[in-house]
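Descriptive structure summary
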Amino acid sequence: MSDLMAATFPPAFLWGAATSAYQIEGAVREDGRTPSIWDTFSHTPGKTAGGDTGDLAVDHYHRYREDVALMAELGLTAYRFSVSWPRVQPTGRGPAVQRGLDFYRRLVDELLAHGIKPAVTLYHWDLPQELEDAGGWPERDTAYRFAEYAQIVGEALGDRVEQWITLNEPWCSAFLGYSSGVHAPGRTEPAAALRAAHHLNLAHGLGTTALRSVMPARNSVAISLNSSVVRPLSQQPADLAAARKIDDLANGVFHGPILHGAYPQSLLEATASLTDWSYVRSGDLAAIQQPLDALGLNYYTPTLVSAAESAPPGPRADGHGSSDHSPWPAAHDVAFHQTPGERTEMGWTIDPTGLHELIMRYTREAPGLPLYITENGAAYDDKPESDGSVHDPERIAYLHGHLSAVHRAIADGADVRGYYLWSLMDNFEWAYGYGKRFGAVYVDYVTLERIPKSSAHWYARAARTGKLPEVGER
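Here the residue numbering is sequential within each chain, running from 1 through the sequence in written order. The predicted nature of this model means local features are confined to residues of pLDDT at least 70 and side-chain atom pairs, given and counted, to a pLDDT of 80 or more, with totals for whole chains, interfaces and linings taken over all residues. Only hydrogens and water are set aside; all other atoms, that is, all heavy atoms of the structure, feed into the side-chain values.

**A look at the sheet that holds strand S1 (residues 14–18)**
- Being paired, for any two strands, means DSSP has found at least two bridges between them. Each helix is a run of DSSP H or I of at least 4 residues and each strand a run of E of at least 2, with the numbering of both proceeding from the N terminus. Here eight strands make up a closed barrel; going around it, the order is S1-S2-S3-S4-S5-S7-S10-S11 and the pairing parallel. Taking each pair of neighbouring strands and ignoring which way they run, the sheet shows an average axis angle of 25°.
- Sheet topology note: the strand S10 (residues 371–376)/strand S11 (residues 416–422) ladder contains four bridges and is parallel. Considered in S11, the bridge of Ile-373 is made with Tyr-419.
- We call two residues in contact whenever any of their non-hydrogen atoms come within 4.5 Å of each other. Axis lines are fitted to C-alpha atoms, over the contacting stretch for helices. Their N-to-C directions set the angle, which ranges from 0 to 180 degrees. In the packing of helix H14 (residues 352–365) onto the sheet, contacts are made with strand S7 (295–298), S10 and S11, and the angle to S10 comes to roughly 150°.

Have a look at this one:
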């Protein structure tokens, strides 16, 4: 077997799994927590599949010790979780609720006691409803409120947590939340989505500065971007222009100011019909472009586009939910195509080459910056066997393919230091409710029993040995 086939990872490589607060915690009315935009959205008829909500989710708030013990059994060396903003700061302003912070203190202590490295994400989409009522992310003040919140959590946990992520997938927050409306708060205002994107960037920069003001210098601050691998349908000039436009809207709108201190000029020109970007004030770009200690990359599937004259029939095939409103402001002249190949239950094409491509792009974009794969995984229609076990060979194949792509990128010179499987366990999958299972651990939503799937055992072996087992191994 060649070294590449054996896929031996560096000894310090982190083998992790990821979750987010609203998707797993439940306890939405306990210990001072108030509604987030996702509480409001999920309780609005017609917004989520089956009317599902995160009210109970998988009750991690009460079962976290059991869940951490399970992580330890599976050999995880890292766990990425998010803090619920309205659990810590119910109105999005003012002093913290210590009962809310205490939950995360207990969780961090439990992780450290089991030798698992905690990675904290400050914002995974659960904006306090009171801040949305004041205008939400399209309002500049929200960025300042985030910085205050970041300082509160940094002060509480910064002595024990070394890895920090400001925002998870700000593209989803801005464009699915405020343009297509398939995510909370469900608004369909393209110009507001672009303002939201800028204020999320500003929140990241201000939040980074706030964290560093209260934490030890050893701590790492990053952001997790769901950067798209955008490919043109052909090499015709019109298709290349379409790919450039979507790349600007998916990627450049965030990594431009965060990594390079400027929005792409082509993005400003393409969106001029919607906004003059006058909300970008003097000093904003310098505030946003704080030096990063690492960059998180989330990847699931590539994006295939063309000029709109070759648009396929049917709904927009961009993989971001069904809506009459596009998440792509001022991109009415772009068509999206389903990429060929096998698909997951989300309808997303399985293509590990896209992950390799993404890693190498950011190796070039930000030379010397350590990278982490902070989300990667797949949803399948998992069901227990008659003996109670859950076999998911498709997920094992998916993980093998994508971890092999990470290994290839490392061999090609990329500084990738860890991988966080999405997700640790089945959970509330946003607008899809409980109908899509991404977990390596199966959850019976009636009894809340946790059952590690065969993929969890496969991943555990990889974590313990630092090598990828063959697809058929466990």
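Having put the structure on the table, let's press on.
**As for empty space enclosed by the protein**
- Lining residues are defined by having an atom within 4 Å of a point belonging to a cavity or pocket. Those points lie on a 1 Å grid over the protein atoms alone, cavities being sets where a 1.4 Å probe fits but cannot get out and pockets being open sets with protein on both sides within 12 Å along at least five of seven lines. Grid points are joined across faces, edges and corners, and a volume is the space filled by probe spheres set on the points. If you walk through the whole model with that rule in mind, you get five cavities of 30 Å³ or more.
- Quantified by volume, the largest cavity comes out at close to 90 Å³.
- The wall of the largest cavity is formed by Ala-119, Gln-163, Trp-164, Ile-165, Ser-220, Ala-222, Ala-294, Gly-296, Tyr-372, Thr-374 and Tyr-420.
- Sorting the residues of the lining of the largest cavity by element identifies strand S4 (163–168), strand S5 (220–225) and S10 as the ones contributing at least two each.
- Ranked by the residues each element gives to the lining of the largest cavity, the list is headed by S4, at three residues.
- A breakdown of the residues in the lining of the largest cavity according to their chemical character gives seven nonpolar, four polar and no charged. Residue polarity follows a fixed list, in which Ala, Val, Leu, Ile, Met, Phe, Trp, Tyr, Cys and Pro are nonpolar, Asp, Glu, Lys and Arg are charged, and the others, Gly among them, are polar.

**Examining the sheet that holds strand S6 (residues 230–232)**
- If you walk across this open sheet you meet the three strands as S6-S8-S9, and the pairing is mixed. The strands lining the two open edges of the sheet, one partner per strand, are S6 and strand S9 (334–337). Taken pair by pair, the neighbouring strands of this sheet meet at an average axis angle of 40°, ignoring direction.
- Bridge count for S6 against strand S8 (residues 303–307) is three bridges, and the pairing is parallel. Paired with Pro-232 across the two strands is Val-305, which belongs to S8.

**Topic: the packing of aromatic side chains**
- Planes of paired rings set the category: under 30 degrees apart is stacked, over 60 is edge-to-face and the rest tilted, where pairs are Phe, Tyr or Trp rings (Trp by its six-membered ring) whose centres lie within 6.5 Å. Applying the stated criterion across every chain, the model contains 33 aromatic pairs.
- Judged by centre distance (6.4 Å) and plane angle (20°), the ring pair of Tyr-22 and Trp-430 falls under stacked. Of this pair, Tyr-22 sits in helix H2 (residues 21–24) while Trp-430 sits in the loop between S11 and strand S12 (441–443), placing them 408 residues apart in sequence. For the pair Tyr-22 and Trp-430, one class covers both residues: buried.
- An aromatic cluster is built from Tyr-22, Trp-38, Phe-41, Trp-125, Phe-428, Trp-430, Tyr-434 and Tyr-445, whose rings are joined through pairwise contacts. Note on classification: 1.4 Å probe, protein chains only; a residue is buried when its accessible area is under 20% of the maximum for its type, exposed when over 50%, partly exposed between these limits.

**Some points on the UniProt feature "active site" (unreviewed entry) in the protein**
- UniProt positions are given in the numbering used here, feature names are shortened, and annotations may be inferred rather than shown by experiment. Under the UniProt annotation, "active site" (unreviewed entry) lies at Glu-375.
- Mapped onto the fold, Glu-375 is located in strand S10.
- What makes Glu-375 buried here is its relative accessible area of 3%.
- Once residues lying within four places of it in the same chain are set aside, the contact partners of Glu-375 are Arg-80, His-124, Asn-168, Glu-169, Leu-297, Asn-298, Tyr-299, Tyr-300, Tyr-420 and Trp-422.

**Looking at H14**
- Between the first and last C-alpha of H14 there are 20 Å, a value that for 14 residues agrees with the 20 Å anticipated at 1.5 Å per step.
- If you check which residues of H14 are buried, you get Gly-354, Leu-355, His-356, Leu-358, Ile-359, Met-360, Arg-361 and Tyr-362.
- On its buried face, H14 sits against S6, helix H11 (237–260), S7, S10, helix H15 (393–411) and S11. In this scheme, a helix's expected span is set at 1.5 Å multiplied by one less than its residue total.

**Focus on the pairing of strand S2 (residues 78–82)**
- The buried fraction of S2 amounts to five of the five residues, a majority that puts the element mostly inside the structure.
- Covered by surrounding structure in S2 are Ala-78, Arg-80 and Ser-82 together with Tyr-79 and Phe-81, the residues of both alternating faces.
- For S1 and S2, the ladder comprises three bridges, and the chain directions are parallel. The partner of Gly-16 across the bridge, within S2, is Ala-78.
- Note: S2 against strand S3 (residues 117–123), five bridges, orientation parallel. Bridging from a neighbouring strand, Tyr-79 pairs with Pro-118 of S3.

**Overview of the nonpolar core**
- Buried residues of nine kinds, namely Ala, Val, Leu, Ile, Met, Phe, Trp, Tyr and Cys, make up a nonpolar core once their side-chain atoms join them within 4.5 Å. Grouped together as the largest cluster of nonpolar side chains are 151 residues, with contacts concentrated most on Trp-137, Phe-146 and Ile-359.
- If one sorts the elements of this core by residue count, H11 sits on top with nine residues.
- Among residues more than four places away in sequence, those in contact with Ile-359 are Leu-297, Leu-371, Ile-373, Val-406, Ala-409, Ala-414 and Val-416.

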